[in-house]
Amino acid sequence: MKDTHQLSKDALIQNAIAAMEKNFADSPEWTVRQKLALLCRMICACGHDSGMSGQISVRGEQPGTYYTQQFGIGMDEATASNLLLVDEDLNVLEGEGMANAANRFHIWIYREKPRVNCIIHTHPFHVVALSHLEVPLEVSCMDSAVLYDNCAFLPHWPGVPVGNEEGELIAEALGDKKAILLAHHGQLVATDTIEEAYVLAHQIERAAHLQLVAMAAGTLKPIDPDLGREARDWILTPKRSKRTFEYYARKVLAGGDACLK
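Overview of the structure. Per chain, the residues get numbers from 1 upward, laid out in the order the sequence is written. Given that this is a predicted model, residues contribute local features only at a pLDDT of at least 70 and side-chain atom pairs are listed and counted only at 80 or more, while totals for whole chains, interfaces and linings are drawn from all residues. Heavy atoms throughout the structure, all of them, feed into the side-chain values; hydrogens and water do not.

1. A word on the packing of helix H3 (residues 104–112) against helix H5 (residues 164–174)
Fitted lines through C-alpha atoms give the axes, limited to the stretch in contact for helices. The angle between two N-to-C directions lies from 0 to 180 degrees. Only runs of H or I of at least four residues qualify as helices and only runs of E of at least two qualify as strands under DSSP, and these elements are numbered from the N terminus. Two elements in contact, H3 and H5, have axes separated by 8 Å at closest approach and are oriented at 45 degrees. In this view, H3 runs oblique relative to H5, as classed from their interaxial angle. You can see that H3 and H5 cross each other, and the crossing is right-handed. Of the residues in H5, those in contact with Arg104, Phe105, Trp108, Ile109 and Glu112 of H3 are Asn164, Glu166, Gly167, Glu168, Ile170, Ala171 and Leu174. Partitioned by chemical class, the residues of the contact of H3 with H5 number 6 nonpolar, 2 polar and 4 charged. Any angle from 65 to 115 degrees is called roughly perpendicular, while one under 35 is roughly parallel, one over 145 is roughly antiparallel, and all others are oblique. Definitions for this section: a left-handed crossing has its near helix turned counterclockwise from the far helix by less than a right angle. A right-handed crossing has that turn clockwise. Residue contacts are counted whenever heavy atoms from the two residues lie within 4.5 Å of one another. The residue classification treats Ala, Val, Leu, Ile, Met, Phe, Trp, Tyr, Cys and Pro as nonpolar and Asp, Glu, Lys and Arg as charged. All others, Gly included, are polar.

2. Side note on the packing of aromatic side chains
Centres within 6.5 Å make a pair out of two Phe, Tyr or Trp rings, where for Trp the six-membered ring is used; the pair is then stacked when the planes are under 30 degrees apart, edge-to-face when over 60, and tilted otherwise. Under the criterion given, the structure shown has 5 aromatic pairs. Note on Tyr66 and Tyr110: the rings are 4.7 Å apart at their centroids and 25 degrees apart in plane angle, and the pair reads as stacked. In this pair, Tyr66 sits in strand S2 (residues 66–68) while Tyr110 sits in helix H3, placing the two residues 44 residues apart along the sequence. A single burial state applies to Tyr66 and to Tyr110, both of which are buried. Ring plane angle 50 degrees and centroid distance 5.4 Å describe the contact between Tyr198 and Tyr248, whose orientation is recorded as tilted. Remark: Tyr248 occurs in helix H8 (residues 238–253) and Tyr198 occurs in helix H6 (residues 194–217); sequence separation between them is 50 residues. Think of it in three bands: residues with accessible area under 20% of the maximum for their type are buried, residues over 50% are exposed, and the middle band is partly exposed, with areas taken using a 1.4 Å probe on protein chains only. On the accessibility criterion, Tyr248 (23% relative accessible area) is partly exposed. An aromatic cluster of three or more residues is present, and its members are Trp30, Tyr198, Phe245, Tyr247 and Tyr248.

3. Concerning a negative patch on the surface
Within this analysis, patches are made of residues with over 30% relative accessible area and no salt bridge. Like charges are joined at 9 Å or less; nonpolar side chains (Val, Leu, Ile, Met, Phe, Trp, Tyr) at 5 Å or less. Per-residue accessibility takes into account occlusion by the displayed protein chains alone, with areas from the Shrake-Rupley method and a 1.4 Å probe. By salt bridge we mean one thing: a side-chain nitrogen of Lys or Arg within 4 Å of a carboxyl oxygen of Asp or Glu. We treat Lys and Arg as the positive residues and Asp and Glu as the negative residues; His and chain ends play no part in the count. Positions of charges follow a simple convention, taking NZ of Lys, CZ of Arg, CG of Asp or CD of Glu. The grouping of Glu112, Glu165, Glu168 and Glu172 at the surface amounts to a negative patch. When residues in the negative patch are grouped by element, the largest group, 3 residues, is from H5. Note on placement: Glu168 falls in helix H5.

See below:
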């Protein structure tokens, strides 16, 4: 038996990643609609509910198409069957009703960033409270490290988000990051998978809460940049993101599977 006590941290990290690849079973075979409905319910359950504010979208199978919620349906009411498929002008291709007009700025991000397949924009309480202060998110602990050097900041609020201007503004401000704190507004994450989008959205609200509490108690102390990036990359491994998504999906499904229908 190999003595792992002599291995470096890098070697042990790689061993752990390999073990996850080997031991974690394949994910449940949910459709895109089902995963998006689950995502809506999970986001609501982790403190992102603010009525009709906020939108979640996922690229459709055909270029220039996107799945999103029906405007007027709460995130906690999302089901696979009441979601919409829309085009780049938000015309409904499948489903009934209309999309939130603010989905327009999602389209700009998808156009500018081909890697992005899922966008979550919400107004969770602590993120919005922090956004009042016009200060960036500061990551200073292990759990929040998924956002270390991974969260942009937009200090300018352009008002009601239904114009093309906000799409251009947010897409540019996001840069190469996967999340952004929007002053006087809320948060947005834009990632290549639904699972990773949930992990980041879950943590950005928790990170904002921690920052506000820490700022009230004293001065925030930064973490070592190399260690912050190391922790970010460790927590955001694809298998780990999938397992995290499935854990919170099970919590939602414990109350019934209506959202999958």
